[in-house]
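Listed here are the chains, written in short residue letters.
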Amino acid sequence: MFSIGCHLSSSNGFEAMGKTALKIGANTFQFFTRNPRGSQAKDIDAEDARKLCNILTEHNFAKLVAHAPYTLNPASSRPEVREFAKITMKNDLERMEYVPGNYYNFHPGSHTGLGVEQGIEHIITLLNLIITEEQKTIVLLEGMAGKGSEIGSKFEELAEIIDGVKLKHKIGVCLDTCHLWEAGYDIKNNLDSVLDDFDKTVGLEKLYAIHLNDSKNELGASKDRHEKIGEGNIGLDAIIRIINHEKLRNLPFNLETPNELDGYEKEIYLLKNARQSY
Ligand code: FE
Ligand code: FE
Ligand code: ZN
């Protein structure tokens, strides 16, 4: 099964996202757990969550990806910033149990001058405090472009974080094609060797989801600017190879391209047509 979707607004609740996804031909999607800037979350409407779960089952959706607010920084040098990230993520994971069995993706964070090693230690400490044996959600570290002091733009860093997490079956990785490219991983010309590298450092069994984006920038630019599919420097051919690659094709792909719904619908249609049958 080809699992393709995009980032949807969660402002009208769970069921509304399911219906929107169906309308644009998606069978998975991503959403922010709360305002992306990290403010107060709305109370969970259990009935609304149940309605979404029914849609997911009935239409055979792939796993969903909930995205943590991108302003959280679990690696910060400031204890109050780490504490805020911990409280927010813990609360998000509790809320995720209303839509059980999906993924929770977050940006590992920026070390803000502490250095990568100290930053990684903070991230590990936080994860070990919030991940529980009972939760049905798998927490995903997003691979980053490497802007500023961002941690997680190198496979080795992702591996080191996972290595420190006690409940290993609850932690994995989400790779973003724009971030990979801007971090210097040449998925356009050397996809196989990038995946081999990932397999050797992190392990492909730890890869749970893909963010599918083109990039406005050159390989290794570390700026993190997403582009529409086929309009950037990765290009359509490389993206088609990615969705069809034997090591990736069963993962859920979510678009985070600069689009409104109609643009996402067109990209989903394009990619479905470019998908080979196996
Ligand atoms: Fe992200
Ligand atoms: Fe992303
Ligand atoms: Zn990005």
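Residues numbered from 1 in each chain as written. Chains lettered and ligands numbered in written order. Predicted model: local features only at pLDDT ≥ 70, side-chain atom pairs only at ≥ 80, totals over all residues. Heavy atoms only, no water.

We now examine the side chain of Thr33. Its place among the elements puts Thr33 in the loop between β2 (30–32) and α2 (46–58). At a separation of 2.8 Å, a polar atom in the side chain of Thr33 contacts the side chain of Asp92. (Helix = DSSP H or I, 4+ residues; strand = E, 2+ residues; numbered from the N terminus. Polar contact = N/O pair within 3.5 Å; in protein donor to acceptor, adjacent residues only side chain to side chain.)

Let us now look at the packing of helix α5 (residues 155–164) against helix α7 (residues 191–201). Taken N-terminus to C-terminus, the directions of α5 and α7 make an angle of 25°; their axes are 9 Å apart at the nearest point. With respect to their mutual orientation, α5 and α7 come out roughly parallel. For α5 against α7, the interelement crossing comes out right-handed. Contact with α5, carried on its side by Phe155, Glu156 and Ala159, involves Val194, Asp197, Phe198 and Thr201 of α7 and no other residues of that element. Residue composition of the contact of α5 with α7, by class: 4 nonpolar, 1 polar and 2 charged. (Axes fitted to C-alpha atoms, helices over the stretch in contact; angles between N-to-C directions. Parallel < 35°, antiparallel > 145°, perpendicular 65-115°, else oblique. Left-handed = near helix turned anticlockwise from the far one by under 90°. Contact = heavy atoms within 4.5 Å. Nonpolar A, V, L, I, M, F, W, Y, C, P; charged D, E, K, R; others polar.)

Here the focus is the state of the cysteines. For the structure shown, the criterion picks out 0 disulfides. Sulfur of Cys174: no disulfide; nearest cysteine sulfur belongs to Cys178 and is 12 Å away. (Disulfide = S-S within 2.5 Å.)

Core analysis: the largest hydrophobic core is formed by 74 residues, its most contacted members being Phe29, Leu127 and Leu212. The biggest single contributor to this core is helix α4 (residues 116–130), with 6 residues. Discounting chain neighbours no more than four positions away, the residues touching Leu212 are Ile4, Thr177, Ile229, Ile239, Ile242, Ile243, Phe253, Asn254, Leu255, Glu256, Thr257 and Leu271. The next biggest cluster of nonpolar side chains, apart from the first, holds 7 residues, and it includes Ile138, Leu140, Cys174 and Ala209. (Core = buried A, V, L, I, M, F, W, Y, C linked by side-chain atoms within 4.5 Å. Buried < 20%, exposed > 50% of the residue type's maximum accessible area, 1.4 Å probe, protein only.)

This part covers the environment of Leu195. Among the secondary structure elements, Leu195 is positioned in helix α7. Judged by its relative accessible area of 5%, Leu195 is buried. Residues Leu195 and Lys247, spaced 52 residues apart in sequence, show a C-alpha to C-alpha distance of 8.1 Å. Contact partners of Leu195, with chain neighbours within four places excluded, come to Leu204, His245, Lys247 and Leu248.

Evaluated as defined, the whole model comprises 7 salt bridges. For Glu83, the salt bridge identified is with Lys86, shortest N-O distance 3.3 Å. Placement of the pair is Glu83 and Lys86 together in helix α3 (residues 79–96), with a separation of 3 residues, close to one helical turn. (Salt bridge = Lys/Arg side-chain N within 4 Å of Asp/Glu carboxyl O.)

Taken residue by residue, helix α1 (residues 14–23) has Phe14, Met17, Gly18, Thr20 and Ala21 as its buried positions. The buried side chains of α1 occupy one side of the element, clustering within an arc of 165° when seen end-on. Gly25, located one to two residues past α1, shows a positive phi value of around 85°. (Arc of directions from axis to C-beta.)

To continue, consider the pairing of strand β4 (residues 103–106). Alternating positions in β4 separate into two faces, Tyr103 and Asn105 on one and Tyr104 and Phe106 on the other, with burial throughout. Two elements, strand β3 (residues 65–67) and β4, share 3 bridges in a ladder whose sense is parallel. Looking at the pairing, His67 lines up with Asn105 of β4. Here β4 runs beside strand β5 (residues 138–142); their pairing, made up of 4 bridges, is parallel. Residue pairing in the sheet places Tyr103 in a bridge with Ile138 of β5. After leaving β4, the chain enters α4 and then returns to the sheet as β5, a path that is right-handed. (Pairing = 2+ DSSP bridges. Right-handed = clockwise from strand over helix to strand, strands pointing away.)

Every protein donor of the iron ion (ligand 2) is accounted for by Glu142 (OE), Asp176 (OD), His211 (ND1) and Glu256 (OE), and the metal-donor separations fall at 2.1 to 2.3 Å. Taken as a pair, the iron ion (ligand 2) and the iron ion (ligand 1) show a spacing of 3.4 Å, with Glu142 coordinating each metal. Taken as a pair, His211 in strand β7 (residues 207–212) and Glu256 in the loop between β10 (252–255) and α9 (261–274) lie far apart in primary sequence, 45 residues in all. Of the two residues, His211 and Glu256, neither departs from the other in class, the shared state being buried. (Donors = N, O, S within 2.8 Å, 3.2 Å for Na, K, Ca; no water.)

Here we come to the packing of aromatic side chains. If you walk through the whole model with that rule in mind, you get 8 aromatic pairs. Taking the centre distance of 6.0 Å and the plane angle of 90° together, the rings of Phe14 and Phe31 count as edge-to-face. Within this pair, whereas Phe14 is found in helix α1, its partner Phe31 is found in strand β2, the two being separated by 17 residues in sequence. Residues Phe14 and Phe31 agree in their burial class; the two are buried. Ring centres of Phe29 and Phe61 lie 6.4 Å apart, and the angle between their planes is 85°; this geometry places the pair in the edge-to-face category. Of this pair, Phe29 sits in the loop between α1 and β2 while Phe61 sits in the loop between α2 and β3, and the two are 32 residues apart along the sequence. Taken together, Phe14, Phe29, Phe31 and Phe61 form an aromatic cluster joined through their ring pairs. (Phe/Tyr/Trp six-rings, centres within 6.5 Å; stacked < 30°, edge-to-face > 60°.)

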